[in-house]
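Remarks on the overall topology
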Amino acid sequence: MMSKKKRKPQPSQRTISRGTAFISWGIFALIGGISLFIFNILFIYFAYRPAHPQVQLSLPLVLTLLSGPLIIEALLVMVGIIAIIIGVRKNRKL
């Protein structure tokens, strides 16, 4: 008599845990928010400033120019941090 062997899942059928998915998406959102912030600062100093030489860039003016993108970047960073926290908590529960 031959005994039946249990099938092992193939590597393509493996799934990642929910906690790991949260952590990876959280890191992706964090890196995205930070890189967008750096890109916007570089844009102001290398594209906006040469195109408008008469404008003296002060902190209030830079914050006014970046007010819309800063909100989006801050939301991305907050979502990333929250996702990482959720992922770490879900991994601990497993």
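Overview of the structure. (Residues numbered from 1 in each chain as written. Predicted model: local features only at pLDDT ≥ 70, side-chain atom pairs only at ≥ 80, totals over all residues. Heavy atoms only, no water.)

1. A word on the packing of aromatic side chains
Within the structure shown, the criterion is met by one aromatic pair. Here the aromatic rings of Trp25 and Phe28 are separated by 5.7 Å at their centres, their planes lie at 85°, and the arrangement is edge-to-face. With a gap of three residues between them, Trp25 and Phe28 both fall in helix α1 (residues 18-51), about one helical turn apart. (Phe/Tyr/Trp six-rings, centres within 6.5 Å; stacked < 30°, edge-to-face > 60°. Helix = DSSP H or I, 4+ residues; strand = E, 2+ residues; numbered from the N terminus.)

2. Re α1
Taking 1.5 Å as the rise per residue, α1 with 34 residues should run 50 Å; its terminal C-alpha atoms sit 48 Å apart, in good agreement. Along α1, the sharpest kink reaches roughly 35°, centred on Ile44. Here α1 has its buried residues at Gly19, Gly26, Ala29, Gly33, Asn40, Ile44 and Tyr48. Here the buried face of α1 lies against α2 (59-65) and α3 (67-93). (Expected span 1.5 Å × (residues − 1). Bend = angle between axes of the 7 residues up to and from the residue. Buried < 20%, exposed > 50% of the residue type's maximum accessible area, 1.4 Å probe, protein only. Contact = heavy atoms within 4.5 Å.)

3. A closer look at a nonpolar patch on the surface
A cluster of nonpolar residues, Phe22, Ile71, Leu75, Met78, Ile82 and Ile86, forms a patch on the protein surface that exposes about 540 Å² of accessible area. Ranked by the residues each element gives to the nonpolar patch, the list is headed by α3, at five residues. Relative to the helices and strands, Phe22 is located in helix α1. (Patch = residues over 30% accessible without salt bridge, like charges linked within 9 Å, V, L, I, M, F, W, Y side chains within 5 Å. Areas by Shrake-Rupley, 256 points an atom, 1.4 Å probe, with all protein chains shown as cover. Salt bridge = Lys/Arg side-chain N within 4 Å of Asp/Glu carboxyl O.)

4. Topic: the environment of Phe22
The class for Phe22 is partly exposed, based on a relative accessible area of 31%. Spatially, the C-alpha atoms of Phe22 and Ile82 are 9.0 Å apart, while their sequence positions differ by 60 residues. Those residues in contact with Phe22 that sit more than four places away from it in its chain are Ala83, Ile84, Ile86, Gly87 and Lys90.

5. Quick look at the environment of Lys90
Mapped onto the secondary structure, Lys90 falls in helix α3. In this structure, the C-alpha to C-alpha distance between Lys90 and Ile23, residues 67 residues apart in sequence, is 9.8 Å. When neighbours within four sequence positions are excluded, Lys90 is seen to be in contact with Arg18, Gly19 and Phe22.

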